[in-house]
Amino acid sequence: MTTNRFNIVVIKGDGIGVDVTNAALEVLEAACRRRRGFALVYSELSGGAAYYRETGREMAPDAEKKAEAADAILLGAIGLPSVRHANGTEVSPHLRLREILQLYAGIRPVKAYPNAPKMLADDRASEIDLVVLRESTEGLFYSAAIHNRSVVIGDEEVRETLKISRATTERLHDFGFRLAQKRKQRGGKGKVTCVDKANVFQSMAFFRKIFHERARFYPDIETSCNYVDAQALDLIRRPWEFDVLVMENMFGDIISDLAGGLVGGMGIACCAEIGDDHGLFQPAHGSAPDIIGQDKANPLAAILSGAMMLDYLHDRSGVEALADAALSIEAAVQRGFSEKRIRPVEYGGDQGTVAVTKAIVDLIRRSDG
Ligand code: ATP
């Protein structure tokens, strides 16, 4: 990136995806308003289950090309339970984007904010601050329905493929170590844990072998390995001890929801999907059909995903004001919780999507003086 003008493709998608993306755009606008030296230029693309129902297409024509040409993609949520392909699978154009754009690093931060619900009785639960790094282009999702790679033998048997390649795994582990280094600079623990099932699967032993190979290049980072079942247990017993957890796609899918649940639920589960040349930012939650149109959606996951997008654009471009804007969003969320100015309905509070968004925008404006 050599410019200060960034083209952002926005796909709001389905259900609460629309509301939380609007919230994120409002907060981004507030955070960027006073910061000079860059401009975000948005273009909205249609896509998702409702769009599929109307048009028979998952995304607007040319959407993939436009997404490929953008500096970043901001996505809401895709999918509606009432809309399915003939084989029963969901409309999932975002899974194809992951593959086309090679977004191999799925980053899902899990952080306990003050006064947010704590699911664990132990006081140390307030110290939870970890990242699930989920490989997002292969693993067991290599044969996810959208890719049409499952082997279907009549009505008798279905076989899926779990793929672990050296090229992707090296990049993934390097990404994890660099992420731990970056977090260490900001006061993080400087640890990476490889989560696998190396005792049972050759593919997982390979994943772990490459982890150790790459670890040698990052002597400042502490390493450990954990089997995925033990990791699930440890996330309940001692989640505050972990920093970066790196794992295969399907394990990451499950573990990130478990970890998200420890700090309040899906409404705060932000997510970045990053490749060597592209980045897509979206809340980890779905379209939440049960609360559509009720102003109950917690927009924080989308808002924090927006902050991750600014951070990513800063990393790629070196424009400092972007990092500053990202920090202003994170600080507003932190302060909003400590001062009880953020009280989402999702957490039993009195603020719907609109009110939470307004509270964050006010906090950003006030901190900007
Ligand atoms: P997907 O498979 O697309 O991730 P899902 O069917 O697993 O989606 P979600 O749509 O994420 O599920 O919803 C799971 C539960 O979490 C629902 O009860 C939903 O209302 C709740 N939920 C999800 N996102 C939010 C949010 N932002 N605010 C409040 N509740 C939410």
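Undergrad: Explanation requested: the overall build of the protein in the structure shown.
TA: Across its full length, the protein holds 11 helices and 12 strands. Computed over C-alpha atoms, the radius of gyration of the protein comes to 20 Å, within 12% of the 21 Å expected from 2.2 N^0.38 for 369 residues, which places it in the range of a compact globule. Considering only contacts in the protein between residues 6 or more positions apart, those separated by 24 or more positions represent 76%.

Undergrad: Would you take a moment to explain the pairing of strand 8 (residues 191-196) for this structure?
TA: Side-chain positions along a regular strand alternate between the two faces of the sheet. Most of strand 8 sits inside the fold, with five of its six residues counted as buried. Sheet topology places strand 8 next to strand 9 (residues 222-227); six bridges connect them, and they run parallel. Residue K191 lies in a different strand from strand 9, and its bridge partner there is E222. Regarding topology, helix 6 (residues 202-215) serves as the crossover connection from strand 8 to the parallel strand 9, and that connection is right-handed. Relative to strand 10 (residues 244-247), strand 8 runs parallel, the two sharing four bridges. The residue bridging C194 from the neighbouring strand is V246, located in strand 10.

Undergrad: Help me understand the sheet that holds strand 8, please; the structure alone is not making it clear to me.
TA: Consider a sheet: its strands pair through backbone hydrogen bonds, and that pairing is either parallel or antiparallel. Taken in spatial order, the 10 strands line up as 2-1-3-12-11-4-5-10-8-9 in an open sheet, and their pairing is mixed. The sheet terminates laterally at strand 2 (39-44) and strand 9, the two strands that pair on one side only. Pairwise comparison of adjacent strand axes, ignoring direction, gives a mean angle of 25° for this sheet. Note: strand 11 (residues 272-274) against strand 12 (residues 279-281), three bridges, orientation antiparallel. For E273, the partnering residue across the bridge sits in strand 12 and is L280. Together, strand 1 (5-13), strand 2 and strand 3 (72-77) form the strand contacts of helix 1 (residues 16-33), whose direction differs from that of strand 3 by roughly 140°. Contacts from helix 6 reach strand 8 and strand 9 within the one sheet, and its direction differs from that of strand 8 by about 165°.

Undergrad: How should the domain arrangement of the protein be read in this particular structure?
TA: For an interface, size is often stated in terms of accessible area lost upon the parts coming together. For the protein, the assigned domains read domain 1 (1-92 + 286-369) and domain 2 (118-262). The centre of domain 1, based on its C-alpha atoms, is set 25 Å off from the matching centre of domain 2.

Undergrad: For this particular structure, what's the right way to read helix 9 (residues 300-317)?
TA: For helix 9, with 18 residues, the first-to-last C-alpha span of 26 Å sits near the 26 Å given by 1.5 Å per residue. Summarising burial for helix 9: 14 of the 18 residues are buried, a large majority. Two residues or fewer past helix 9, G318 is found with a positive phi of approximately 80°.

Undergrad: Looking at this model, I keep getting lost on the site of the ligand. Mind explaining?
TA: Not every one of the 15 residues close to the ligand is listed here, only the nearest: G267, H285, G286, A288 and N298. Partitioned by chemical class, the residues of the shell around the ligand number seven nonpolar, six polar and two charged.

Undergrad: What should I look at first to understand the pairing of strand 2 in this one?
TA: Where strand 1 lies against strand 2, six bridges are found, and the strand directions are parallel. Of the residues in strand 2, the one forming a bridge with N7 is V41.

Undergrad: Explain the packing of helix 5 (residues 166-185) against helix 6 to me, please; I cannot follow it from the model alone.
TA: Geometry of a packed helix pair, given as the angle between the helix axes and the separation of the axes. In the contact formed by helix 5 and helix 6, the axes pass within 9 Å of each other and the chain directions differ by 50°. With respect to helix 6, the element helix 5 is oriented oblique. In terms of crossing hand, the pair formed by helix 5 and helix 6 is right-handed. On helix 6, the residues that touch R166, T169, E170, H173, D174 and F177 of helix 5 are F207, I210, F211 and R214. A breakdown of the residues in the contact of helix 5 with helix 6 according to their chemical character gives four nonpolar, two polar and four charged.

Undergrad: I keep staring at helix 6 and nothing clicks. Help me out?
TA: Three- or four-residue spacings in an α-helix give side chains the same orientation, since the helix completes a turn every 3.6 residues. An ideal rise of 1.5 Å per residue puts 20 Å on 14 residues; helix 6 measures up with 20 Å between its terminal C-alpha atoms. Every buried residue of helix 6 is listed here: S203, M204, F207, I210, F211 and R214. The buried residues of helix 6 occupy an angular sector of 120° when the element is viewed end-on, so they sit on one face. Facing away from the buried side of helix 6 by more than 90 degrees, the exposed set consists of Q202 and H212. The inward-facing, buried residues of helix 6 contact helix 5 and strand 8.

Analysis parameters
The numbers attached to residues start from 1 for each chain and follow its sequence in the written order. The predicted origin of the model limits local features to residues at a pLDDT of at least 70 and limits the giving and counting of side-chain atom pairs to 80 or more, whereas totals for whole chains, interfaces and linings rest on all residues. A run of DSSP states H or I qualifies as a helix once it reaches four residues; a run of E qualifies as a strand once it reaches two. Both are numbered from the N-terminal end. Radius of gyration: over C-alpha atoms. The globule rule applied is 2.2 Å multiplied by the number of residues raised to the 0.38 power. Our contact criterion uses C-beta atoms placed from the backbone: two residues qualify when those atoms are within 7 Å. Partly exposed residues are those whose C-beta has more than 12 but fewer than 20 other C-beta atoms within 10 Å; 20 or more makes a residue buried and 12 or fewer makes it exposed, with C-beta atoms placed from the backbone. The pairing criterion for strands is at least two bridges between them, as found by DSSP. Orient the strands so they point away from the viewer; a crossover is then right-handed if the path from the first strand over the helix to the second runs clockwise. Note on geometry: axes are C-alpha line fits, over the in-contact stretch for helices, and angles between N-to-C directions span 0 to 180 degrees. Domain start and end points were adopted from an automatic or database domain assignment. Residue count minus one, scaled by 1.5 Å, sets the expected span of a helix. Each residue receives a C-beta atom placed from its backbone. It is near a molecule or strand if this atom lies within 6 Å of it. Amino acids outside the nonpolar list (Ala, Val, Leu, Ile, Met, Phe, Trp, Tyr, Cys, Pro) and the charged list (Asp, Glu, Lys, Arg) are all regarded as polar, and Gly is one of them. Angles below 35 degrees are treated as roughly parallel, those above 145 as roughly antiparallel, those between 65 and 115 as roughly perpendicular, and all remaining angles as oblique. Take the far helix as your reference; a near helix turned counterclockwise from it by less than a right angle gives a left-handed crossing, and one turned clockwise gives a right-handed crossing. Note: the arc covers the axis-to-C-beta directions of the helix.

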